[in-house]
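Listed here are the chains, written in short residue letters.
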Amino acid sequence: PYKNAPPPPTGSIGGKKFKDRTGNGASADDAPLKGTVIYLDANNNKAKDAGEAWTTTAADGSYTFAGLAAGT
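Along each chain, the written sequence defines residue order, and numbers are assigned to residues from 1. In keeping with the model being predicted, local features are shown solely for residues with a pLDDT of at least 70 and side-chain atom pairs are shown and tallied solely at 80 or more, while totals for entire chains, interfaces and linings include all residues. Note: side-chain values were computed over all heavy atoms of the structure, leaving out hydrogens and water.

Asker: Help me understand the pattern of salt bridges in this model?
Answerer: Once their charged atoms are close, side chains differing in charge can pair, the charge on each being opposite to the other. The working definition used for a salt bridge is a side-chain nitrogen of Lys or Arg within 4 Å of a carboxyl oxygen of Asp or Glu. Within this structure, the stated rule accounts for one salt bridge. The shortest N-O distance in the salt bridge between Asp 60 and Lys 16 comes to 3.9 Å. Linking Asp 60 in the loop between β5 (54–56) and β6 (62–69) with Lys 16 in strand β1 (residues 10–16), this pair joins segments that are 44 residues apart in sequence. Throughout this description, buried means an accessible area under 20% of the type-specific maximum (1.4 Å probe, protein chains only), exposed means over 50%, and partly exposed covers the range between. Judged by its relative accessible area of 38%, Asp 60 is partly exposed. Overall, Lys 16 belongs to the exposed group, its relative accessible area being 55%. Secondary structure elements follow DSSP: runs of H or I of four or more residues count as helices, runs of E of two or more count as strands, with numbering from the N terminus.

So, in structure tokens, the structure goes:
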């Protein structure tokens, strides 16, 4: 093994949370949802549990999880 091996690669997940006012999918008439909690449901139980990564959407509805280990 190398003493100064590079760190394992990481990835990210992101998107935008919005209210689809007309039911036609993402379009210009949608309203961004700021302050919404987005979480990574690691145990797939459809609930935000202690220890699961979470963030809150920005004013434009955007969110990002960065530095995720492969397979997360």
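Asker: What should I look at first to understand the environment of Asp 49 in this one?
Answerer: Topologically, Asp 49 is positioned in the loop between β4 (37–39) and β5. The partly exposed category is assigned to Asp 49, whose relative accessible area is 24%. Taking C-alpha positions, Asp 49 is 9.1 Å from Tyr 39, a pair spaced 10 residues apart along the chain. Whenever two N or O atoms come within 3.5 Å, that pair is a polar contact, provided that in protein one can donate a hydrogen and the other can accept it, and provided that, for residues adjacent in sequence, both atoms are side-chain atoms. Side chain to side chain, Asp 49 and Asn 43 meet in a polar contact 3.0 Å long.

Asker: What should I look at first to understand the packing of aromatic side chains in this one?
Answerer: We describe a pair of aromatic rings using the distance from one ring centre to the other and the angle between the two ring planes. Under the pairing criterion, centres of Phe, Tyr and Trp rings, with the six-membered ring standing for Trp, must be within 6.5 Å; the plane angle then separates stacked pairs below 30 degrees from edge-to-face pairs above 60, leaving the rest tilted. A full pass over the atoms with the stated rule returns one aromatic pair. For the pair Tyr 63 and Phe 65, a centre-to-centre distance of 6.3 Å together with 70° between the ring planes defines the contact as edge-to-face.

Asker: Where do I start with the side chain of Asp 30 in this structure?
Answerer: Considering the arrangement of structural elements, one finds Asp 30 in the loop between β2 (18–19) and β3 (31–32). When charges are counted, Lys and Arg contribute as positive and Asp and Glu as negative, whereas His and the chain ends are disregarded. Here Asp 30 sits buried without a salt bridge, and the closest side chain of opposite charge, Arg 21, lies 6.6 Å off (N-O distance). We call two residues in contact when some of their heavy atoms are within 4.5 Å. Apart from residues no more than four positions distant in its own chain, Asp 30 is found in contact with Phe 18, Lys 19, Asp 20, Arg 21 and Gly 25.

Asker: Help me understand the environment of Pro 32, please; the structure alone is not making it clear to me.
Answerer: Considering the arrangement of structural elements, one finds Pro 32 in strand β3. For Pro 32, a relative accessible area of 45% translates into the label partly exposed. It is 10 Å that separates the C-alpha atoms of Pro 32 and Arg 21, two residues lying 11 residues apart in sequence. What Pro 32 contacts, discounting residues up to four positions off in sequence, is Lys 17, Phe 18, Ala 59, Asp 60 and Gly 61.

Asker: How do you make sense of the side chain of Glu 52 when you look at a structure like this?
Answerer: Mapped onto the secondary structure, Glu 52 falls in the loop between β4 and β5. One buried charged side chain, Glu 52, makes no salt bridge at all; its nearest oppositely charged neighbour is Lys 48, positioned 7.2 Å away. Leaving out residues up to four positions away in the same chain, Glu 52 has contacts with Tyr 39, Leu 40, Asp 41, Ala 42, Asn 43 and Ala 47.

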